[in-house]
Amino acid sequence: MKSQLKIYNTLTKETSVFEPIHKGNVGMYVCGPTVYSNAHLGNARTYVSFDVIFRYLLHIGYKVRYVRNITDAGHLEGDQDEGDDKFAKKAKLEQVEPMEIVQRYTIDFHEVLKAFNNLPPSIEPTATGHIIEQIEMTKKILANGYAYEVNGTVYFDVEKFSKEFNYTALSNRNLDELLNNTRELDGQNEKKGRLDFALWIKAKPEHLMKWVSPWGEGFPGWHIECSAMSSKYLGNEFDIHGGGMDLVPTHHTNEIAQNLACHHTQPAKYWVHTNMLTINGQKMSKSLGNSFLPAELFEGNHSLLEKGYSPMTVRFFMLQAHYRSTLDFRNEALQAAEKGLNRLMNACKLVSHLKTSETSSFSVEDIKESVYAAMNEDFNTPIALAQIFEAVRYINLINDGKESISETDKTQLENLINTFVFEVLGLKNEQEAGADKIDGLMKMILGVRSDAKTKKDFATSDFIRDQLKELGIEIKDHKEGTNYSLT
Ligand code: AMP
Ligand code: ZN
């Protein structure tokens with residue numbers, strides 16, 4: 001591979017060569033979901049983008065520790081410091097325990113990501129499992145003088161912090177303008193400054209999820225969990241911190257402030273942000289009411305959908321846009337993605353059956369270089385895919401006898417296309433996945449038939465054989481067992 005991996009860094013606003021802190025290793029932290037509702041397609045886009053980044057880093061030989069948290073406490077309505085937390089509100093509404101809400105939507109989140117063929121992260125820590133670490137960090141920030149306590153709530157002192165550090169380094173916003181545009185503090189508010197945010201929040205008596213702390217019973221603020229868990233598992237300085245772009249101005253800005261105030265270090269060397277999935281140009285979001293669920297998309301069960309699309313079609317559709325560009329949801333684009341994916345899967349099957357010649361009429365090496373060059377340019381999947389489709393074009397032409405390929409080049413092409421499509425882009429052949437299911441079902445049916453025969457229930461065993469035959473499935477009994485073939 002001639003090119004080197006370059007990554008766009010939101011902090012420096014530049015694309016630069018990726019140099020990990022510890023040679024050969026990558027520590028990557030990505031903000032996980034707030035598990036109080038079903039993961040929508042926009043959330044899925046962000047995690048598919050990081051899945052490809054994770055897969056590519058592994059593919060080029062890094063040992064990666066990928067930490068992605070589950071926010072199961074402390075995330076309040078409207079991302080504010082006051083009011084109900086999102087779990088408590090939903091739990092009250094449905095008359096269940098907040099932890100039942102957490103459990104239900106954590107399972108849903110995992111199922112959605114599995115459907116999209118995402119690899120699981122190396123560690124998936126929860127906020128509720130790291131209360132002690134969050135209290136310790138809050139104590140240290142207080143001791144370092146960047147926070148203050150009022151009536152059991154601890155606030156981060158943004159004004160004090162800004163005297164020594166650049167609070168808006170990540171968002172590039174103008175601090176004075178921010179101060180002027182932020183809602184005026186009313187007399188009731190305990191905060192000293194308009195931009196101050198809570199590290200620890202005093203719990204009202206009726207609040208269910210609360211823990212004992214040096215400041216009384218309460219629960220952690222939303223931002224402190226990611227600071228505490230990233231430093232615990234990846235150290236005070238690690239390589240990549242990611243999340244959706246909407247997290248830049250508040251959540252990630254505050255995370256950086258907390259880490260600097262606690263450890264005097266910037267947590268991550270590279271800040272990577274994915275752009276939003278939009279509908280008619282508007283961010284897909286639960287609160288805007290324009291979101292839909294992956295399951296609705298797979299089934300075609302939504303007024304915005306003309307029909308259903310398979311998970312791999314949707315993954316392919318997502319990969320056709322660069323992760324830093326917005327991606328607008330459109331039926332036509334999904335239809336095109338469905339056709340493109342079929343073409344790609346057919347080529348993957350065809351490539352191993354190609355007839356070889358003495359020489360090749362094109363350069364596989366050049367195509368391979370361009371695929372890697374695209375991925376090395378800040379994980380540019382649309383350009384990498386375009387190059388893969390150049391290979392697909394050749395595969396079809398060779399098959400039609402219009403181009404030729406040598407034996408060694410064929411092996412190289414087979415390798416390139418299979419590794420890239422399945423290992424790096426994380427696509428899978430859904431038709432073959434269907435074949436696995438048929439195989440599982442057949443084993444089950446043949447097991448039932450074998451039991452029937454043991455019990456001398458030949459009526460049932462013959463019935464199963466005849467019914468299968470009608471479906472075009474022939475079964476043959478041998479000494480070793482029974483096998484089947486699709487006729
Ligand atoms: P949340 O569960 O709201 O904390 O969001 C989980 C992740 O999904 C965050 O990284 C968000 O930035 C991301 N996200 C939310 N909405 C969208 C969207 N429409 N497109 C892409 N990513 C999104
Ligand atoms: Zn976070």
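Residues numbered from 1 in each chain as written. Chains lettered and ligands numbered in written order. Predicted model: local features only at pLDDT ≥ 70, side-chain atom pairs only at ≥ 80, totals over all residues. Heavy atoms only, no water.

Visitor: Help me understand the overall build of the protein chain, please; the structure alone is not making it clear to me.
Guide: Along the protein chain, the regular secondary structure elements total 16 helices and 15 strands. Each of the three principal axes of the protein chain carries a C-alpha extent, and together these read 80 × 60 × 40 Å. Within the protein chain, buried positions represent 50% of all 487 residues. For the protein chain, restricting intrachain contacts to residue pairs at least 6 apart in sequence, the fraction spanning at least 24 positions comes to 73%. Counting every atom, the protein chain has about 23,100 Å² of accessible surface; 49% of that belongs to carbon and sulfur. (Helix = DSSP H or I, 4+ residues; strand = E, 2+ residues; numbered from the N terminus. Buried < 20%, exposed > 50% of the residue type's maximum accessible area, 1.4 Å probe, protein only. Contact = heavy atoms within 4.5 Å. Areas by Shrake-Rupley, 256 points an atom, 1.4 Å probe, with all protein chains shown as cover.)

Visitor: For this particular structure, what's the right way to read the nonpolar core?
Guide: Across soluble globular proteins, nonpolar side chains have a tendency to be buried as a group. Ranked by size, the top nonpolar core spans 88 residues in total, and within it Leu 41, Phe 420 and Leu 427 carry the most contacts. At 10 residues, helix H1 (residues 41-59) tops the list of elements feeding residues into this core. Formed jointly, this core draws a minimum of three residues from each of two domains, domain 1 (19-274) and domain 2 (278-431). Tyr 29, Leu 199, Ile 224 and Cys 262 belong to the second-largest nonpolar core, a separate cluster that totals 40 residues. (Core = buried A, V, L, I, M, F, W, Y, C linked by side-chain atoms within 4.5 Å. Domains from an automatic or database assignment.)

Visitor: Looking at this model, I keep getting lost on the environment of Tyr 36. Mind explaining?
Guide: Looking at where Tyr 36 falls in the secondary structure, it is placed in the loop between strand S3 (25-30) and H1. Sequence separation between Tyr 36 and Thr 71 is 35 residues; the distance between their C-alpha atoms is 9.0 Å. Not counting residues within four places of it along the chain, the set of residues in contact with Tyr 36 comprises Lys 86, Phe 87, Lys 90, Ile 101, Tyr 105 and Lys 286.

Visitor: Help me out: how do you make sense of the pairing of S3 in this one?
Guide: Regular strands show a simple pattern: their side chains alternate between the two faces of the sheet. For S3, the buried fraction is high: 5 of the 6 residues fall into the buried class. Where S3 lies against strand S4 (residues 63-68), 6 bridges are found, and the strand directions are parallel. Among the inter-strand pairings, Gly 27 is bridged to a residue of S4, identified as Arg 65. Running through H1, the crossover from S3 to the neighbouring parallel element S4 is right-handed. The pairing of S3 with strand S9 (residues 238-244) spans 3 bridges and is classified as parallel. Each bridged residue has a counterpart across the sheet, and for Val 30 the counterpart in S9 is Gly 242. (Pairing = 2+ DSSP bridges. Right-handed = clockwise from strand over helix to strand, strands pointing away.)

Visitor: Help me out: how do you make sense of the packing of aromatic side chains in this one?
Guide: For any pair of aromatic rings, the description consists of the separation of the ring centres together with the inter-plane angle of the planes. Counting across every chain of the model gives 21 aromatic pairs. Between the aromatic rings of Trp 200 and Trp 215, the centroid separation amounts to 6.0 Å while the plane-to-plane angle is 50 degrees, which identifies the pairing as tilted. Within this pair, whereas Trp 200 is found in strand S7 (residues 197-202), its partner Trp 215 is found in the loop between S7 and strand S8 (218-220), the two being separated by 15 residues in sequence. The exposure class assigned to Trp 200 is buried, which follows from its relative accessible area of 0%. (Phe/Tyr/Trp six-rings, centres within 6.5 Å; stacked < 30°, edge-to-face > 60°.)

Visitor: Sorry if this is basic, but what is going on with the domain arrangement of the protein chain here?
Guide: Buried accessible area, meaning the area lost when the parts come together, often serves as the stated size of an interface. Per the domain assignment, the segments of the protein chain are domain 1 (19-274), domain 2 (278-431) and domain 3 (434-486). For domain 1 versus domain 2, the distance between C-alpha centres works out to 34 Å. The partner domain 2 presents 37 residues to the 27 residues of domain 1 that form the contact. Counting the surface lost from both domain 1 and domain 2, the interface buries some 2,600 Å², and carbon and sulfur atoms represent 67% of this. The three residues of domain 1 that bury the most area against domain 2 are Leu 41, Arg 45 and Tyr 56, which together make up 27% of that side's buried surface. The tally of links from domain 1 across to domain 2 stands at 2 salt bridges. The residue Asp 246 makes a salt bridge to Lys 283 at a minimum N-O spacing of 2.8 Å. (Buried area = accessible area lost by both parts, 1.4 Å probe. Salt bridge = Lys/Arg side-chain N within 4 Å of Asp/Glu carboxyl O.)

Visitor: How should the site of ligand 1 be read in this particular structure?
Guide: Not every one of the 16 residues close to ligand 1 is listed here, only the nearest: Gly 42, Thr 46, Asp 246, Leu 277 and Met 284. Backbone polar atom of Gly 42 to a nitrogen atom of ligand 1: 3.0 Å apart, as the coordinates give it. Between an oxygen atom of ligand 1 and a side-chain N or O atom of Asp 246, the distance comes to 2.4 Å. The set of elements that each furnish at least two residues to the shell around ligand 1 consists of H1 and S9. Per-element tally for the shell around ligand 1: the top contributor is H1, with 4 residues. When the residues that make up the shell around ligand 1 are grouped by side-chain class, the tally is 6 nonpolar, 8 polar and 2 charged. (Near = heavy atom within 4 Å. Polar contact = N/O pair within 3.5 Å; in protein donor to acceptor, adjacent residues only side chain to side chain. Nonpolar A, V, L, I, M, F, W, Y, C, P; charged D, E, K, R; others polar.)

Visitor: Mind showing me how you'd approach the sheet that holds strand S10 (residues 268-274) here?
Guide: Strand pairing in a sheet takes place through backbone hydrogen bonds and is either antiparallel or parallel in direction. Spatial strand order, S4-S3-S9-S10: 4 strands in an open sheet with parallel pairing. Of all the strands in the sheet, just S4 and S10 have a single pairing partner and so form its edges. For this sheet, the mean inter-axis angle between neighbouring strands, taken without regard to orientation, is 20 degrees. Where S9 and S10 come together, 6 bridges link them in parallel fashion. (Axes fitted to C-alpha atoms, helices over the stretch in contact; angles between N-to-C directions.)

Visitor: Would you mind showing me how to read the pattern of salt bridges here?
Guide: Oppositely charged side chains may form a pair once their charged atoms are brought near each other. Under the defined criterion, the tally for this structure stands at 17 salt bridges. Between Arg 315 and Asp 51 there is a salt bridge, with the nearest N and O atoms lying 2.8 Å from each other. Residue Arg 315 is found in helix H10 (residues 311-319), and its partner Asp 51 is found in helix H1; the two are separated by 264 residues along the sequence. Exposure remark for Asp 51: the relative accessible area of 1% places this residue in the buried category. Put simply, Glu 124 and Arg 68 hold a salt bridge, and the shortest N to O gap is 3.1 Å. One end of the pair, Glu 124, is in the loop between helix H3 (98-115) and helix H4 (131-143); the other, Arg 68, is in strand S4, and 56 residues separate them in sequence. One connected set of salt bridges, linked through shared partners, spans Asp 51, Arg 55 and Arg 315.

Visitor: How should I be thinking about the sheet that holds strand S6 (residues 153-156) in this particular structure?
Guide: The sheet built from 4 strands is open, its strands ordered S5-S6-S7-S8 with antiparallel pairing. Pairing within the sheet leaves two strands with one partner each, and these edge strands are strand S5 (147-150) and S8. Across the sheet, the mean angle from the axis of one strand to that of its neighbour is 20 degrees, orientation sign disregarded. Relative to S8, S7 runs antiparallel, the two sharing 3 bridges. Within S8, the residue paired with Lys 202 across the bridge is Gly 218.

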